[in-house]
Amino acid sequence: MAYHWVRVLRITCCAGLTAALGMAGCKDDPSGDGGSSGTSGGTTTAGASSGDTADSTTGSGVTDETDSGSTGAQMTGTTAVVTDSDTLGTTGDVPIECGNGEVAPGELCFGPAQQVLPTPTGALTVADFDNDGVPDIAAGHDGSVSLLLGVGDGAFLAPEIVGTAGGVLGLATGELDGDAFVDLVVANASDDSFTVWLSAGDGTLIEGDTLGVGAFPRAFAVADLDDDNVLDIAVVSEGSSELTVFTGLGDGTFAFAEILDTGASPSGVTAFDLDGDAYPELAVANFGSNSVTTFQGSPGGFSLIESTAVGPGPRGIVTVDITDDGQDDLATADQAANGISVLAGAGDGELDPFSQAVAGNNPRALAAADIDADGRADLAVALETDNAVGVLRTDEDGQWLVAQTIATAPQPAAIATADLNGDGAHDLITASAAADGGVAVVLADP
């Protein structure tokens, strides 16, 4: 059976985020006043969907929600170039030449960040919502979601706005109702619920069911959890430290299945394959207990496997084969450790103890993709206080290389990757709840 994996993007609470989005104090803040350990903004886990396009013209994005054009504002940024094969991980004998339009293994070439939406943003996801083969962006705010349709050259049309039930701190996508169009799942954090928005296939969303969950829902995993070829939804609720599973009925509606206890203040969740059977496992990053809790999938539902230590303050979690052995591994963005933890899966139902790599200052979110086209998975990390994205890669022996940083919007807290302009290279998309943040794209310049 083929799994229907959907990478999940999620943003976690802190003082700047809740203030910008007009929400109450953080659920993961021990003081209860919305403070966070010296940081502002939010955090997300990684991932995006990408589409193939024929147009490789570099473009910019929308700067005003009322503007019907596709012009954008260039933000402060730099071009990151890999030129040293010994220290920066270029593979083979292919010379690196940015700007020639050819994607070379080991290449990291990016232009300056372009703002495509100025609205403070608490969640981000990328998918093809209008079925034209071009990636689009959904961005969550306080009481609304903006849908930015891509035009194929890295630019976007003026956003379509839909109202939501509460502050949006989590988004996920999946084909939920059998019509082959990508639908959207929205976490209404201040309303303790989530809403299913069904796609009409032309870039418009139709409001579906709103379902109640635990306190402060923050992140989703969307996958076929019960082996019936229909996508299901798992959602973590930070305020009540629980994971709620809903079974998809195939028509865009969902039935409650079960509630599972997690560690303290869960901040992210992902579906992955730990043992090679037809039932995915679930892994939850627990910000408040510095751990990842894993649950075994089975025909009868989920059961606890174990709680495994990771670095302090895990915010985001993704499924990735970082060890290049064909088995699913897990990676977390550990804010308090300024690093990334990797839990390697061996395919036998076990996870190895975590290993950690230095990422940069205040990692708040991460996305997994082969960003440098060398055939191995990389991690793109939103570094909040560096105002940058860090790209973490491994060499042919599986050893971590020094993280490369790429300037982006101020205080990035959510991140995704996709080929926005059809040139075959991964572009970066970040979101920030800062007043001067919003959504920005950093186009590759191969």
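About the criteria used
- Position numbers for residues count from 1 along each chain, tracking the sequence in the order it is written.
- In keeping with the predicted nature of the model, local features appear solely for residues at pLDDT of at least 70, side-chain atom pairs appear and are counted solely at 80 or more, and the whole-chain, interface and lining totals rest on all residues.
- Excluding hydrogens and water, the side-chain values take into account all heavy atoms of the structure.
- Scored between 0 and 100, pLDDT is the confidence that the predictor attaches to each residue.
- In this description, contact between two residues means that some pair of their heavy atoms is separated by no more than 4.5 Å.
- Pairing of aromatic side chains here covers Phe, Tyr and the six-membered ring of Trp, requires ring centres within 6.5 Å, and sorts the geometry by plane angle: under 30 degrees stacked, over 60 edge-to-face, intermediate tilted.
- Secondary structure counts use DSSP, requiring at least four H or I residues in a row for a helix and at least two E residues in a row for a strand, with both numbered from the N terminus.
- Buried, partly exposed and exposed residues are distinguished by accessible area as a fraction of the type maximum, computed with a 1.4 Å probe on protein chains only: under 20%, between the cut-offs, and over 50%, respectively.

## Describing the confidence of the model for the chain
In the predicted model, the chain carries a mean pLDDT of 83, and the fraction of residues at 70 or more is 79%. Per-residue pLDDT stays below 50 along residues 1–16; that stretch engages in 106 contacts with residues further than four places along the chain or on separate chains. Predicted confidence for residues 28–72 stays below pLDDT 50, and this span has 170 contacts to residues more than four positions away or in other chains.

## Overview of the packing of aromatic side chains
Tallying each qualifying case throughout the model produces three aromatic pairs. With a centroid separation of 5.7 Å and an interplanar angle of 75°, the aromatic rings of Phe194 and Phe220 are classed as edge-to-face. One end of the pair, Phe194, is in strand E9 (residues 193–199); the other, Phe220, is in strand E11 (residues 217–223), with 26 residues separating them in the sequence. Phe220 matches Phe194 in its accessibility class, with the two residues each being buried. Between Phe246 and Phe256 the ring centres are 6.1 Å apart and the planes differ by 80°, which places this aromatic pair in the edge-to-face class.

## Digging into the environment of Val182
For Val182, the position within the fold is in the loop between strand E7 (160–174) and strand E8 (183–188). Judged by relative accessible area, Val182 falls into the partly exposed class, the value being 22%. Between the C-alpha atoms of Val182 and Asn131, which are 51 residues apart in sequence, the distance is 8.1 Å. Beyond its immediate stretch of four places on either side in the chain, Val182 contacts Ala127, Asp128, Phe129, Thr173, Gly174 and Ser199.

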